[in-house]
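Letter by letter, the chains look like this.
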Amino acid sequence: MAEAAIAFGSNLGDRQRHIALAIDHLTRDDRVEIIGLSHFHETEPWGDPDQDRYINACALVTTDLTPQELLARCLEVEESLGRVRDPANRYGPRTIDLDIIFYDDVKLDEPDLVLPHPRLFERAFVLVPLIEVTGERIIAGRSLDQALSGLDASGVRRFETLEPL
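If you're wondering where the values come from, they're calculated on a predicted model, not measured in any experiment.

**Some remarks on the overall build of the protein chain**
Next, step 1: From N to C terminus, the protein chain includes four helices and 10 strands.
Next, step 2: The secondary structure elements of the protein chain, listed N-terminal to C-terminal, are β-α-β-β-β-α-β-β-β-α-β-β-α-β.
Next, step 3: Relative to the globule expectation of 15 Å for 165 residues, the C-alpha radius of gyration of the protein chain, 15 Å, shows essentially globular dimensions.
Next, step 4: Taken along its principal axes, the extent of the C-alpha atoms in the protein chain is 35 × 35 × 35 Å.

As structure tokens, then:
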């Protein structure tokens, strides 16, 4: 079994519900088991600041899916929840977004999948919840805590209310 981290984000509609449903849909495949889940965090948009705030979270999972199969599963979850990809607006609003942050210590550089995630160390909105579920993990030779210390995390605030499904 491999250990992987998946980041979730939503800034359209019922953001909390979209993430909760994505987590539920992801684990309907019995080959993906969540072993850790961060709190939800409300965050500033990244890449395109002219949009609503996001809710972000990270899950630590075990899986016997390959990295490519896990990516396909994540894309299925996004599609099932109405994600529409706009190539002209890569960082635009979305109902749901799932990103594989790491998969064991695998390093991949394929057209559709780069591991670890290529912008991991640039995004406090990923690092804050990721550290909650992984602790002081080293990824690609870098400490997550050290990476976060070099970023402005003031726009990442723990989101206290979560409505049940």
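**Looking at the layout of surface pockets**
Next, step 1: In this structure, the largest pocket occupies an estimated 900 Å³ of space.
Next, step 2: Forming the walls of the largest pocket are 38 residues, and the residues nearest its centre are Arg85, Arg90, Asp97, Asp99 and Arg119.
Next, step 3: Elements with a contribution of two residues or more to the lining of the largest pocket: strand 1 (2-10), strand 4 (54-63), helix 2 (67-80), strand 5 (97-103), strand 7 (114-115) and helix 3 (124-134).
Next, step 4: Ranked by residues supplied to the lining of the largest pocket, first place goes to strand 5 with four residues.
Next, step 5: When its residues are assigned to classes, the lining of the largest pocket shows 20 nonpolar, six polar and 12 charged.
Next, step 6: As for the second largest pocket, its lining consists of 13 residues, and the residues nearest its centre are Trp46, Ala124, Phe125, Asp152 and Val156.
Next, step 7: Here the lining of the second largest pocket is composed, by residue class, of six nonpolar, three polar and four charged.

**Quick word on the side chain of Thr95**
Next, step 1: Of note, Thr95 is situated in the loop between helix 2 and strand 5.
Next, step 2: Thr95 sits in the buried class, given a relative accessible area of 17%.
Next, step 3: In terms of polar contacts, Thr95 uses its side chain to reach the backbone carbonyl oxygen of Leu81, at 3.3 Å.
Next, step 4: Not counting residues within four places of it along the chain, the set of residues in contact with Thr95 comprises Gly9, Ser10, Leu12, His18, Leu81, Gly82 and Arg83.

**Describing the environment of Glu79**
Next, step 1: For Glu79, the position within the fold is in helix 2.
Next, step 2: With relative accessibility at 64%, the residue Glu79 sits in the exposed group.
Next, step 3: For the pair Glu79 and Thr95, spaced 16 residues apart in sequence, the C-alpha separation works out to 9.8 Å.

**With respect to the packing of aromatic side chains**
Next, step 1: In the structure shown here, the tally under the stated rule is zero aromatic pairs.
Next, step 2: The ring of Phe121 is capped by Arg142, whose NZ or CZ atom sits 4.4 Å from the centre of that ring.

**Points about the pattern of salt bridges**
Next, step 1: Summed over the entire model, instances satisfying the criterion amount to 11 salt bridges.
Next, step 2: The closest approach of N and O atoms between Arg15 and Glu42, which form a salt bridge, is 2.9 Å. Of the two residues, Arg15 is situated in helix 1 (residues 15-26) and Glu42 in strand 3 (residues 41-43); the sequence distance between them amounts to 27 residues.
Next, step 3: For the salt bridge of Arg157 with Glu44, the shortest nitrogen-to-oxygen distance reads 3.6 Å. In this pair, Arg157 sits in strand 10 (residues 156-158) while Glu44 sits in the loop between strand 3 and strand 4, placing the two residues 113 residues apart along the sequence.
Next, step 4: It is possible to trace a salt-bridge network through shared partners that takes in Arg15, Glu42, Glu44, Arg53 and Arg157.

**Details of unusual backbone geometry**
Where the residue is not glycine, phi is negative for most of them; where a peptide bond is considered, it is trans in most cases.
Next, step 1: Pro116 follows Leu115 through a cis peptide bond whose omega is -10 degrees.
Next, step 2: In this structure, Asp104 takes a positive phi of about 45 degrees despite not being glycine.
Next, step 3: Positionally, Asp104 belongs in the loop between strand 5 and strand 6 (108-109).
Next, step 4: Of note in the backbone geometry, Ala140 takes a positive phi value of approximately 50 degrees without being a glycine.
Next, step 5: Structurally, Ala140 is set in the loop between strand 8 (138-139) and strand 9 (142-143).
Next, step 6: Overall, the relative accessible area of 45% leaves Ala140 in the partly exposed class.

Thresholds applied
Residues numbered from 1 in each chain as written. Predicted model: local features only at pLDDT ≥ 70, side-chain atom pairs only at ≥ 80, totals over all residues. Heavy atoms only, no water. Helix = DSSP H or I, 4+ residues; strand = E, 2+ residues; numbered from the N terminus. Rg over C-alpha atoms; globule rule 2.2 N^0.38 Å. 1 Å grid on protein atoms, 1.4 Å probe; cavity = no way out; pocket = protein on both sides within 12 Å on 5 of 7 lines; lining within 4 Å. Points joined across faces, edges and corners; volume = space filled by probe spheres on them. Nonpolar A, V, L, I, M, F, W, Y, C, P; charged D, E, K, R; others polar. Buried < 20%, exposed > 50% of the residue type's maximum accessible area, 1.4 Å probe, protein only. Polar contact = N/O pair within 3.5 Å; in protein donor to acceptor, adjacent residues only side chain to side chain. Contact = heavy atoms within 4.5 Å. Phe/Tyr/Trp six-rings, centres within 6.5 Å; stacked < 30°, edge-to-face > 60°. Lys NZ or Arg CZ within 6 Å of the ring centre and 35° of its normal. Salt bridge = Lys/Arg side-chain N within 4 Å of Asp/Glu carboxyl O.

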